[in-house]
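# Notes for the structure review
What follows is each chain in one-letter form.
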Amino acid sequence: MPLTQISFSFDREEKYQNPTKEAVKQQIKPKSKRGRKSLKEYNAEPDVVKVPEDEILFQKQYYSIGDVADMFHENTSLIRYWDKEFAILKPKKNKKGDRFFRPEDVKNLKMIYHLLRERKYTIEGAKEFIKNNKAAGEKHELIESLEKVKMFLLELKNNL
């Protein structure tokens, strides 16, 4: 077996240097998408919910839990948890146990999302609000329509 020669370089130019904080941050892997979001992540993301208008929403009879989770930028596990916690959500389940949400359920989820994420209610507080205010859905729809009018007027103002 032939012997190979190993050479070492002892140049003075190759000194050990402490890495800068920026270099360390570049080496750190990005956080995974699993688990709870931090408060910074919630504040960094815009609260834009991609629920389509009623005309488009009611064109399909059912939406899968993945589609609903994408609409609200949430994990499917959180949608499942909300399904267990709130009695107004009644998705259909097939024999396999997959949840399929009706357009009415999506609208109710939008109200629940509004209470929990935008108005910062607790789960118990949102349950009480829904239970005590039978017209909560109508109020939420009114708020949404007023927000649309506000956005239209702001766009009109910016274009002037």
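Residues numbered from 1 in each chain as written. Predicted model: local features only at pLDDT ≥ 70, side-chain atom pairs only at ≥ 80, totals over all residues. Heavy atoms only, no water.

## Points about the confidence of the model for the chain
In this model, the chain carries an average pLDDT of 79, and 68% of its residues clear a pLDDT of 70 or more. Looking across the chain, the model is least confident in helix 1 (residues 21–27), with a mean pLDDT of 57, and most confident in helix 5 (residues 76–85), with 94. (pLDDT = per-residue confidence, 0-100. Helix = DSSP H or I, 4+ residues; strand = E, 2+ residues; numbered from the N terminus.)

## Quick look at the environment of Val68
Relative to the helices and strands, Val68 resides in helix 4 (residues 65–72). Between the alpha carbons of Val68 and Leu109 there is a distance of 8.9 Å; along the sequence they are 41 residues apart.

## With respect to the side chain of Glu74
Looking at where Glu74 falls in the secondary structure, it is placed in the loop between helix 4 and helix 5. We classify Glu74 as buried; its relative accessible area is 11%. Side-chain polar atoms of Glu74 contact the side chain of Arg117, separated by 3.1 Å. (Buried < 20%, exposed > 50% of the residue type's maximum accessible area, 1.4 Å probe, protein only. Polar contact = N/O pair within 3.5 Å; in protein donor to acceptor, adjacent residues only side chain to side chain.)

## So, the packing of helix 5 against helix 6 (residues 103–118)
Packing of helix 5 against helix 6 leaves a shortest axis separation of 12 Å and a crossing angle of 100°. As far as their axial angle goes, helix 6 and helix 5 are roughly perpendicular. Facing helix 5, whose interface residues are Leu78, Ile79 and Trp82, helix 6 presents Leu109, Ile112, Tyr113, Leu116 and Arg117. When grouped by side-chain class, the residues that make up the contact of helix 5 with helix 6 number seven nonpolar, no polar and one charged. (Axes fitted to C-alpha atoms, helices over the stretch in contact; angles between N-to-C directions. Parallel < 35°, antiparallel > 145°, perpendicular 65-115°, else oblique. Contact = heavy atoms within 4.5 Å. Nonpolar A, V, L, I, M, F, W, Y, C, P; charged D, E, K, R; others polar.)

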